[in-house]
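Chain residues, written in single-letter form:
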Amino acid sequence: MGTDMMTAAVLNKPLDMELMQVPIPNPKEDEALVRVYCIGICGSDVHYYEHGKIGRYVVESPLILGHELAGEVVQVGNQVSHVAVGDRVAVEPGVTCGRCAYCKSGRYNLCPDVVFMATPPVNGAWAEYVTIRSDFLFKLPDGMSFEQGALLEPLSVGMHAMKRGRVSPADRVLVTGLGPIGLLAAQAAQLYGVGEIYGSDVVPFRQQLAKEIGVKGVFDPSKENVKERIEQLTEGEGVDVIVETSGNARAISDAVTTVKRGGRIVFVGLPAQDEISIHMNQLIDAELDVYGVFRYANTYPAAIQALQQGKVDIEQVITHRYPLSRIKEAVEMARTQKDTSIKIMIYPQMKD
């Protein structure tokens, strides 16, 4: 397929994206070529689109965004045996070296040589086809949709947060920030057997969706004292774990004084500023455990197995669907209409 062309959405500079014809990539010996069926818009995609950079990662040349995807294998390299043509697969978008100390210890998300889709200068998958090393492909069971396969990527962040926070069915969990990652983190908590989940967000639409997916109590931190409300609903017991996904400075700071003594805090959301004040005396006196989350590791097989039990419907977070031909409209919606959109899914094979 090396001489054939495909349609891809290319970001030239901030707010300047166009559909272009680019060559269909050829898979290397250890890679597979995947026809992209659906791919989500992530907050990082929107940030690159709007600002052209995230921290030290800067869009310096035209870039294809997108990294939450699932599709069908259409070609494999001659060393590939893990998957075959015709397999329906989810794609884990960060290819690691497999040789460094982090990879060998199982924490490959910390690999310094990771090649992650849609992180400059690496192209992503807002396109009709993509190649990737085959060991980062995971077969979708019969009955699991491509949409669920694409959502495994953001769900994995929530699954990794549960693992980092040592969450168990006996815990009460508070998720602060109910965007796509927060909502999927709440569902990840359900997959971990947690029956008492609380959430906070300032957007009514997100609050309502959280209730629909089974969050027991939802609070607006701009209008009520979250800690007091939790104390009321738990008869003074409080929450064992806080998963902070918003990146809001106040939410980060308040986590230390909101979680119960001996509790755990998992920080997922990236704040705009590098330094935020935290009540250190409270953290020490309450003997809190604090964890950071960077992407995920070893989550896809567990997530696939858990979803097969049918206890949660992660597709509930999908609010809009667009063909690739309307990618500009879709990204603008994700950028400007956060009050009414959660996860927007793109379909490269869909016609207008």
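Labelled according to an unreviewed UniProt entry, the protein chain appears under the name NAD(P)-dependent alcohol dehydrogenase, originating from Marinicrinis lubricantis. Looking at the Cofactor (unreviewed entry) heading of the UniProt record, one finds this comment for the protein chain: "Zn(2+)". UniProt annotates the protein chain under Sequence similarities (unreviewed entry) with the comment "Belongs to the zinc-containing alcohol dehydrogenase family."

Describe in detail the overall build of the protein chain, supporting the description with residues and values.
For the protein chain, the count of helices and strands is 10 helices and 20 strands. Computed over its C-alpha atoms, the radius of gyration of the protein chain comes to 20 Å, within 12% of the 20 Å expected for a compact globule of 352 residues. Counting only C-alpha atoms and orienting by the principal axes, one finds that the protein chain spans roughly 65 × 40 × 35 Å. Counting all 352 residues of the protein chain, 54% fall into the buried class. Taking the intrachain contacts of the protein chain between residues at least 6 apart in sequence as the baseline, contacts between residues at least 24 apart amount to 71%. Per element, the accessible surface of the protein chain, about 15800 Å² overall, is 48% carbon and sulfur. Taking the 34 positively charged and 43 negatively charged side chains of the protein chain as two groups, their mean positions are separated by 2 Å.

Go over the packing of aromatic side chains, please, and point to the residues and values.
Per the stated rule, a full pass over the model turns up six aromatic pairs. On the basis of an interplanar angle of 15° and a centroid distance of 6.0 Å, the ring pair of Tyr 198 and Phe 219 is categorised as stacked. One end of the pair, Tyr 198, is in strand E14 (residues 196–200); the other, Phe 219, is in strand E15 (residues 217–219), and 21 residues separate them in sequence. With respect to burial, Tyr 198 and Phe 219 carry one shared label: buried. Ring centres 6.1 Å apart and planes at 50° place the aromatic pair Tyr 296 and Tyr 300 in the tilted group. Among the residues examined, Tyr 300 registers a relative accessible area of 0% and is labelled buried. Against the face of Phe 146 rests Arg 88, its NZ or CZ located 4.7 Å from the ring centre. The cationic tip of Arg 295 hangs over the ring face of Phe 116; the distance from NZ or CZ to the ring centre is 3.7 Å.

Which residues make up helix H10 (residues 327–336), and what values go with them?
For H10, every residue scored as buried is listed here: Ile 327, Ala 330, Val 331, Met 333 and Ala 334. Each buried residue of H10 sits inside an arc of 155° when the element is viewed along its axis, so together they form one side. Residues of H10 that are buried make contact with strand E1 (5–13), strand E2 (16–23), helix H1 (43–51), strand E19 (318–323) and strand E20 (343–347).

Outline the packing of helix H3 (residues 146–164) against helix H4 (residues 180–191), listing residues and values.
With their axes 8 Å apart at the nearest point, H3 and H4 run at an angle of 55° to one another. Taken as axis vectors, H3 and H4 run oblique relative to one another. Where H3 crosses over H4, the two elements pack in a sense that is right-handed. In this structure, H3 contributes Pro 154, Leu 155, Val 157, Gly 158, Met 159 and Met 162 to the contact, and H4 contributes Ile 181, Leu 184, Ala 185, Ala 188, Ala 189 and Leu 191. Of the residues in the contact of H3 with H4, the class split is 11 nonpolar, one polar and no charged.

Describe the sheet that holds strand E6 (residues 63–64), and please don't skip the residues or the numbers.
Pairing between the strands of a sheet is mediated by backbone hydrogen bonds and can be parallel or antiparallel. Taken in spatial order, the three strands make up an open sheet running E2-E1-E6, and their pairing is antiparallel. Since the sheet does not close on itself, it has two edges, and those belong to E2 and E6, each with one partner. In terms of strand pairing, E1 meets E6 through two bridges, oriented antiparallel. Within E6, the position partnered with Val 10 by the bridge is Ile 64.

Could you give me a rundown of the UniProt feature "domain: Enoyl reductase (ER)" (unreviewed entry) in the protein chain, with the residues and numbers involved?
UniProt records the feature "domain: Enoyl reductase (ER)" (unreviewed entry) at residues 12–346, using the numbering of this structure. Note that residues 12–346 is 28% helix and 26% strand, and that its end C-alpha atoms are spaced 19 Å apart.

Tell me about unusual backbone geometry, and please be specific about residues and values.
Backbone torsion omega between Pro 120 and Pro 121 reads 5°, so that peptide bond is classified as cis. Along the chain, the position of Pro 121 falls in the loop between strand E10 (115–116) and strand E11 (129–133). In this structure, Ala 118 is a non-glycine residue whose phi angle is positive, near 65°. With respect to the helices and strands, the residue Ala 118 is situated in the loop between E10 and E11. The buried category is assigned to Ala 118, whose relative accessible area is 3%. Here Glu 287, not a glycine, exhibits a phi torsion of approximately 50°, which is positive. Locating Glu 287 in the fold gives a position in the loop between helix H8 (280–285) and strand E18 (289–292). By relative accessible area, Glu 287 is classed as exposed at 64%.

Scoring rules and cut-offs
- Residues numbered from 1 in each chain as written.
- Predicted model: local features only at pLDDT ≥ 70, side-chain atom pairs only at ≥ 80, totals over all residues.
- Heavy atoms only, no water.
- UniProt positions renumbered as here; feature names shortened; annotations may be inferred.
- Helix = DSSP H or I, 4+ residues; strand = E, 2+ residues; numbered from the N terminus.
- Rg over C-alpha atoms; globule rule 2.2 N^0.38 Å.
- Buried < 20%, exposed > 50% of the residue type's maximum accessible area, 1.4 Å probe, protein only.
- Contact = heavy atoms within 4.5 Å.
- Areas by Shrake-Rupley, 256 points an atom, 1.4 Å probe, with all protein chains shown as cover.
- Lys, Arg positive; Asp, Glu negative; His and termini not counted.
- Charge placed at Lys NZ, Arg CZ, Asp CG, Glu CD.
- Phe/Tyr/Trp six-rings, centres within 6.5 Å; stacked < 30°, edge-to-face > 60°.
- Lys NZ or Arg CZ within 6 Å of the ring centre and 35° of its normal.
- Arc of directions from axis to C-beta.
- Axes fitted to C-alpha atoms, helices over the stretch in contact; angles between N-to-C directions.
- Parallel < 35°, antiparallel > 145°, perpendicular 65-115°, else oblique.
- Left-handed = near helix turned anticlockwise from the far one by under 90°.
- Nonpolar A, V, L, I, M, F, W, Y, C, P; charged D, E, K, R; others polar.
- Pairing = 2+ DSSP bridges.

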